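Close look at the chain arrangement
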Amino acid sequence: MSAVRTVLGDVRPEQLGVCDAHDHLFLRSPRLPGQELNDAAAARAELAAFRAVGGGSVVQWTPYGMGRRAADLPALSRTAGVHLVCATGLHQAAHYTTELLEEVRGKLAEVFVSELTEGIGTSGVRAGLIKVAGGFHALDAHARWTMTAAAEAHRATGATIAVHLELGTGALDVLDLLCGRLGVEPGRVVLGHLNRSPDLVVQRQAAEAGAYLAFDGPSRANHATDWRMPDAVRALAEAGYGHRLLLGCDTVVAGARSVDGGPGMPYLLRRVRPRLAVELGEELVDRVLTENPGRAFVADWR
């Protein structure tokens, strides 16, 4: 059945409503010591704040081994009245201990498939996408390993592959590997963080290839790209790729939550949405927020 796989079960794409297509409720990494997203009460409050400004769904890109707290997600979804999509997958090696990576060596695709079809641990929650990551302008051996496993799991399940692009770079290398060598249809790939590298030529080439492009800000530090993002989105829309655009807020540290004084999930609808409406018109922005995520994350589940 063609459906988006949420933590409460499969739903039709049109049921997502207004969607934050890339964000995090829970996240833990040795690269972010002391900044963990690990507070269920804060996550509940953040979802409520997002719902209050019109949000209907959140796609959480936190992958395997990074503190997803999958068992907590169904109750949060029910309480907030917001659909949640959970990820399997694996981030860059720097986010893990050597011991954890060795545990999944040789069986990574099987882990992904199990979490997509059977559930994450004993939570009963099934993942709805596969998240992997590239490097800065390149793909190292770890990235090639995880993307090969992601492609295998995609073929077994139909799940979308979402890719963290380091500082927004390496989009074409990712597509060469996933789509060129590994045979994944470009329309089943979401490229994240395009706003962090405002190269309009590369963005257009990625859209021409058929991938989805996620602009997931606001920027956190040293990214003077927020003011360029509307121009990039407008250029893609005018070139006929408005149907390939996704928007999110990518909240990865506690201080970035709106309930902790940051922009958080509501920023997408309070500030990004009206700013883009000036460039694109409200009708197209509404379609980007409601129709595009459903097409990007729907799957013919196998």
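The text that follows walks through the structure, step by step, so that each part is easy to find. For clarity, every value in this text was computed on a predicted model and none was experimentally measured. (Residues numbered from 1 in each chain as written. Predicted model: local features only at pLDDT ≥ 70, side-chain atom pairs only at ≥ 80, totals over all residues. Heavy atoms only, no water.)

**Section: the overall build of the protein**
A tally of regular secondary structure across the protein gives 10 helices and 12 strands. Expected size for 302 residues packed as a compact globule is a radius of gyration near 19 Å; at 17 Å, the protein falls within 12% of this value. Split into buried and exposed, the 302 residues of the protein put 58% on the buried side. A fraction of 76% describes how many contacts in the protein between residues 6 or more apart in sequence connect residues 24 or more apart. (Helix = DSSP H or I, 4+ residues; strand = E, 2+ residues; numbered from the N terminus. Rg over C-alpha atoms; globule rule 2.2 N^0.38 Å. Buried < 20%, exposed > 50% of the residue type's maximum accessible area, 1.4 Å probe, protein only. Contact = heavy atoms within 4.5 Å.)

**As for the sheet that holds strand β1 (residues 2-6)**
The sheet built from three strands is open, its strands ordered β2-β1-β12 with antiparallel pairing. With one partner strand each, in any of the chains shown, β2 (9-11) and β12 (299-300) form the two edges of the open sheet. Of the pairings in the sheet, the one linking β1 to β12 comprises two bridges and is antiparallel in character. Its bridge partner being in β12, Ser2 is matched across the sheet by Asp300. (Pairing = 2+ DSSP bridges.)

**A short note on unusual backbone geometry**
The omega torsion across Gly217 and Pro218 is 10°, close enough to zero to call that bond cis. With respect to the helices and strands, Pro218 occurs in the loop between β10 (212-216) and α8 (229-241). With a phi close to 60°, His137 is a non-glycine residue in the positive phi region. By the secondary structure assignment, His137 is in the loop between β7 (129-133) and α5 (141-157). Even without glycine at this site, Asp250 takes up a positive phi of about 50°. Structurally, Asp250 is set in the loop between β11 (245-248) and α9 (267-280).

**Remarks on the pairing of β10**
Counted residue by residue, β10 has five buried out of five residues, so it is predominantly covered. Residues Tyr212, Ala214 and Asp216 line one face of β10 and the alternating positions Leu213 and Phe215 line the opposite face, and both faces are buried. Inspection of the sheet shows strand β9 (residues 189-192) paired to β10 by two bridges, in the parallel sense. Across the sheet, residue Leu191 finds its bridge partner in β10, namely Leu213. For the crossover from β9 across helix α7 (residues 200-209) to β10, the handedness is right-handed. The sheet contact formed by β10 and β11 spans four bridges and is parallel. (Right-handed = clockwise from strand over helix to strand, strands pointing away.)

**Some thoughts on the environment of Asp231**
Within the element layout of this structure, Asp231 appears in helix α8. Taking the relative accessible area as the measure of exposure, Asp231 reaches 31% and is therefore partly exposed. Asp231 sits 181 residues away from Phe50 along the chain, and the two C-alpha atoms are 26 Å apart.

**Quick notes on the pattern of salt bridges**
Using the criterion set out here, one finds 16 salt bridges in the structure. The partner of Arg12 in a salt bridge is Glu14, with the nearest N and O atoms 3.0 Å apart. Taking the relative accessible area as the measure of exposure, Arg12 reaches 48% and is therefore partly exposed. Residue class for Glu14 comes out exposed when judged on its relative accessible area of 57%. A salt bridge links Arg196 to Asp250, with the shortest nitrogen-to-oxygen separation between them at 2.9 Å. Taken together, the residues span a long stretch of sequence, with Arg196 in the loop between β9 and α7 and Asp250 in the loop between β11 and α9 at a distance of 54 residues. Overall, the relative accessible area of 12% leaves Arg196 in the buried class. Exposure remark for Asp250: the relative accessible area of 4% places this residue in the buried category. Because the salt bridges share partners, they merge into one network encompassing Asp231, Arg234, Glu238, Arg275 and Glu279. (Salt bridge = Lys/Arg side-chain N within 4 Å of Asp/Glu carboxyl O.)

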